[in-house]
Amino acid sequence: MPDIVLSTLNAKYLHASFGLRCLLANLGDLSDRTAILEFDINQRPLDIAEALLAAAPRILGLGVYVWNADRTLELVGILRRLRPDLVLVLGGPEVSHEWDRQPIIALADHVITGEADLAFAALCRDLLSGSAPRPPRLIAAPVPNVAALADPYGLYDDRDLDHRVVYVEASRGCPFTCEFCLSSLDIPVRQFPLEPFLASMQRLHDRGLRRFKFVDRTFNLNLATGRRILGFFLERLSPELFVHFELIPDRLPAELRELIARFPPGALQFEVGIQTLDPQVEARIGRRQNHERLADNFRWLRRHSGVHLHADLIAGLPGETLEAFGRGFDTLVALGPQEIQVGILKRLRGTPIVRHDAEWAMVYNPNPPYEVLSTRTMDFGTLARLRRFSRFWDLFGNSGNFVECLPMLWEPDGSGTGSPPGTGSPPGTGSPPGTGSPFRAMLAWSDWLHSQGVQGHGIALPRQYDLLWRWAVTVRGIPADRFGPAMARDWRRPGRIDLPAWLEPFAGMAETPRRSSRLPRRQARHLGSGEAPAPGDVPVQPRSSGSRRTVLHGPGESAAVFPDPLR
């Protein structure tokens, strides 16, 4: 039985905890007396407690994050009652600030705040020695010298490499001061020694890893390091290679562009934190970004590279209105990222965003993940609409399943009755879509889906196509002979051949480009529409439907009557 168990509840099984592996790697001579037991938030705390207690550790270290805080509190309560002698050590961002407000702190023997790579090892030595004075309950870990940290990458096992997200880091910290982010606190940017890091990446590659996810907050901050890392992966290109980086949006000099352009489509993914495009809000929350350079970099990436762009926007920031958010969303759509992740502002513990609470009437959910509920410029109902908008946009806009037909919803002439961009009512006032605004179009559709009782999750793919058809053709009036062929091509783009019967009349109207891919599914689905052509692309020959008639309604329904939308 191990003396020490390291554990956490991941958001999904797919995610392998990088933090636990960093702790274990730095335990030194205690590593042989330590085990990692990972769980996820979909498992019952009672079942997790059973597995942990079966290991019979003397010390249990638990990582606490915003996504697992509630479940971890329940778990710790169970463990405290069943094993009062078990030494419980908590760490992680969720317990590194505002300790006096958290019930879980009262149940712990020790809490380590900050980066605990070395502090946890020192605590365990003191606890297991039996001779040292009892360590303090609250331990503030000093910021470690990353050059002194042990390599955690050998602790990923073959199962992790084959089936899970493998995280790596070439640097820690962030130079920016965005007030909604924990990285805005006074923590310097530190680069891991490059040669040992690349040697670790080589060992992972030798073991068969082909999907690397960098957790660095600003991958392209140090240009020399960025060039070396990109060059490392360029030398190891293969059809399976996929590398994810977080990118500063307005910093992409020619040296990086030249390397990026050499990667094949889909091999690189850049997560770009835009967050807001409202200059007044940016100034209010301490965010700095050059919009002109940002737009130029996006345009270059879309025109001259095969990078998969994932951009982030935040709704509910202090002082931002629905109209301003909509303008920012439309601007970002026009720049062409494959994905736009719309998140609702969260009041993470320890972040200085709280200084705006009084002036902008910021009201947050008291429970994790602490999303904003209302502000002076966005009431509760408005933010509820934006939460639904976020879910439906992710399902339909980001998934890669509707890359050709979805933009028809906001084409100025998509229905034959739309007005030019910039005319009509402002976003959120009930104006019809088709006016050139993706935000207006998607918000109107999101409102309609909500009115029909449709939830933003658990919708089977044929049902998604059915719902989009009803809205676009039956409600919006987009001609079926325009929308149907685009929808059929979207269905077949990833290689699907089991076309729904009601789409078959449109299957012969055009060929669908398809490329075989070993990339992650969502990224692979985006390839084939609006991307640079790649060797090996082959057209999918349309299956004969036996009919070319025009269908004016969805599967098994008249144009005027909607059956139960949840059937």
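My aim in this report is to walk through the structure given alongside it, one point at a time.

Reading guide: rules and limits
- By convention here, each chain's residues receive numbers from 1 onward along its written sequence.
- Totals for whole chains, interfaces and linings use all residues, but because this is a predicted model, local features are given only for residues with pLDDT of at least 70 and pairs of side-chain atoms are given and counted only at 80 or more.
- The side-chain quantities take in all heavy atoms of the structure and omit both hydrogens and water.
- Secondary structure follows DSSP: runs of H or I at least 4 residues long count as helices, runs of E at least 2 residues long count as strands, and numbering of each begins at the N terminus.
- Think of it in three bands: with a 1.4 Å probe and only protein chains considered, a residue is buried below 20% of the maximum accessible area for its type, exposed above 50%, and partly exposed in between.
- The contact rule is simple, with two residues in contact once any of their heavy atoms fall within 4.5 Å.
- Here, Shrake-Rupley sampling with a 1.4 Å probe gives the accessible areas, and only protein chains in the shown set may cover a residue.
- Pairing between two strands requires that DSSP report at least two bridges joining them.
- Any helix carries an expected span of 1.5 Å times its number of residues minus one.
- What counts as a salt bridge is simple: a side-chain nitrogen of Lys or Arg found within 4 Å of a carboxyl oxygen of Asp or Glu.
- A pair of Phe, Tyr and Trp rings is counted when the ring centres sit within 6.5 Å of each other, with Trp represented by its six-membered ring. The angle between the planes then sorts it: under 30 degrees is stacked, over 60 is edge-to-face, the rest tilted.
- When the NZ atom of lysine or the CZ atom of arginine is within 6 Å of a ring's centre and also within 35 degrees of its normal, the charge is said to sit over that ring.
- Interaxial angle, 0 to 180 degrees, is taken between N-to-C directions of lines fitted to C-alpha atoms, where a helix line uses only the stretch in contact.
- These descriptions rest on fixed angle ranges, namely under 35 degrees for roughly parallel, over 145 for roughly antiparallel, 65 to 115 for roughly perpendicular, and the rest for oblique.
- Left-handed describes a crossing in which the near helix is turned anticlockwise from the far one by less than a right angle; the clockwise case is right-handed.
- Orienting the strands away from the viewer, one traces the path from the first strand over the helix to the second; a clockwise path indicates a right-handed crossover.
- Counted as positive: Lys and Arg. Counted as negative: Asp and Glu. His and the chain ends are not counted at all.
- Identification of polar contacts relies on pairs of N or O atoms within 3.5 Å, with a donor-acceptor requirement for protein atoms, meaning one able to donate a hydrogen and the other able to accept it, and with residues adjacent in sequence counted only if both atoms are side-chain atoms.

Things to note about the overall build of the protein
Regarding its fold elements, the protein presents 17 helices and 18 strands. The proportion of buried residues among the 567 residues of the protein is 56%. Across the protein, the fraction of contacts at a sequence separation of at least 24, relative to all contacts at a separation of at least 6, is 73%. By element, 54% of the accessible surface of the protein is carried by carbon and sulfur atoms, the whole surface being about 23900 Å².

Some words on the sheet that holds strand S11 (residues 242-247)
The strand order S7-S10-S11-S12-S13-S14 describes an open sheet built from 6 strands, whose pairing is parallel. Sheet topology places strand S7 (167-168) and strand S14 (339-344) at the edges, where each strand pairs with a single neighbour. Pairing geometry for strand S10 (residues 211-214) and S11, over 3 bridges, is parallel. If you follow Arg211 over to S11, its bridge partner there is Phe242.

A look at helix H15 (residues 461-475)
An α-helical turn contains 3.6 residues, so a residue and the one three or four places further along point in the same direction. Along its 15 residues, H15 runs 20 Å from first to last C-alpha, staying within 8% of the 21 Å computed at 1.5 Å per residue. The set of residues buried in H15 consists of Arg463, Gln464, Tyr465, Asp466, Leu467, Leu468, Trp469, Arg470, Trp471, Ala472, Val473 and Thr474. Looking at the buried side of H15, the elements it contacts are helix H13 (380-398), helix H14 (438-451) and helix H16 (480-492). Looking one or two residues past H15, Gly477 carries a phi angle of roughly 85 degrees, positive in sign.

Observations regarding the pattern of salt bridges
This model, assessed by the stated rule, comprises 35 salt bridges. For the salt bridge of Asp29 with Arg125, the shortest nitrogen-to-oxygen distance reads 3.1 Å. On the criterion of sequence distance, the pair formed by Asp29 in the loop between helix H1 (18-25) and strand S2 (34-40) and Arg125 in helix H5 (residues 119-129) is long-range, its members being 96 residues apart. On the basis of relative accessible area, Arg125 is assigned to the partly exposed category, the value being 34%. Glu94 serves as the salt-bridge partner of Arg349, at 2.9 Å between the closest nitrogen and oxygen. Linking Arg349 in the loop between S14 and strand S15 (363-364) with Glu94 in the loop between strand S4 (87-91) and helix H4 (103-107), this pair joins segments that are 255 residues apart in sequence. For the pair Arg349 and Glu94, a shared accessibility class is recorded, and that class is buried. In the salt-bridge network here, residues are joined through shared partners; they are Glu94, Glu98, Arg101, Arg347 and Arg349.

A word on the side chain of Ser446
Mapped onto the fold, Ser446 is located in helix H14. Not counting residues up to four positions away in its chain, the partners in contact with Ser446 are Arg385, Arg388, Phe389 and Phe392.

Brief notes about the packing of aromatic side chains
Two aromatic rings are characterised by how far apart their centres lie and by the angle between their planes. A full pass over the atoms with the stated rule returns 25 aromatic pairs. The structure contains a cluster of three or more aromatic residues connected by ring pairs, namely Phe18, Tyr153, Phe197, Phe212, Phe214, Phe219, Phe232, Phe233, Phe245 and Phe270. Lying across the ring of Tyr13, Arg164 places its NZ or CZ 4.7 Å from the centre.

Some words on the packing of helix H7 (residues 194-206) against helix H8 (residues 223-234)
Taken N-terminus to C-terminus, the directions of H7 and H8 make an angle of 20 degrees; their axes are 11 Å apart at the nearest point. When the axes of H7 and H8 are compared, the pair comes out roughly parallel. For the crossing formed where H7 meets H8, the hand is right-handed. Every residue of H8 that contacts H7 at Leu194, Glu195, Phe197, Leu198, Met201 and Gln202 is listed here: Thr225, Arg228, Ile229 and Phe232.

Structural notes on the pairing of S14
Pairing of strand S13 (residues 308-315) with S14, which is carried by 6 bridges, proceeds in the parallel orientation. Bridge pairing links Leu313 to Val342 in S14. Viewed along the sheet, the connection from S13 through helix H12 (residues 322-335) into S14 turns out right-handed.

Points about the environment of Ile41
Here Ile41 lies in the loop between S2 and helix H2 (45-55). Relative accessible area serves as the criterion here: at 22%, Ile41 is assigned to the partly exposed category. Remark: the alpha-carbon pair of Ile41 and Trp67, spanning 26 residues in sequence, is separated by 8.1 Å. Apart from residues no more than four positions distant in its own chain, Ile41 is found in contact with Leu9, Asn10, Ala11, Trp67, Asn68 and Arg71.

Details of the side chain of Arg525
As for its placement among the helices and strands, Arg525 is situated in helix H17 (residues 521-526). Summary of buried charges: Arg525 has no salt-bridge partner, and the nearest side chain of opposite charge, Glu339, is 8.1 Å away. At 2.8 Å, the side chain of Arg525 forms a polar contact with the backbone oxygen of Ser399. When neighbours within four sequence positions are excluded, Arg525 is seen to be in contact with Ser399, Gly400, Asn401, Arg493, Pro494 and Arg496.

Things to note about the sheet that holds strand S3 (residues 59-63)
Within a sheet, neighbouring strands are paired by backbone hydrogen bonds and run either parallel or antiparallel to one another. Pairing is parallel in the open sheet, where 6 strands are placed in the order S2-S1-S3-S4-S5-S6. Every other strand in the sheet has two partners, leaving S2 and strand S6 (138-140) as the edge strands with one partner each. Ignoring strand direction, the axes of neighbouring strands in this sheet form an average angle of 20 degrees. Relative to S3, strand S1 (residues 4-10) runs parallel, the two sharing 5 bridges. The partner of Ser7 across the bridge, within S3, is Leu62.

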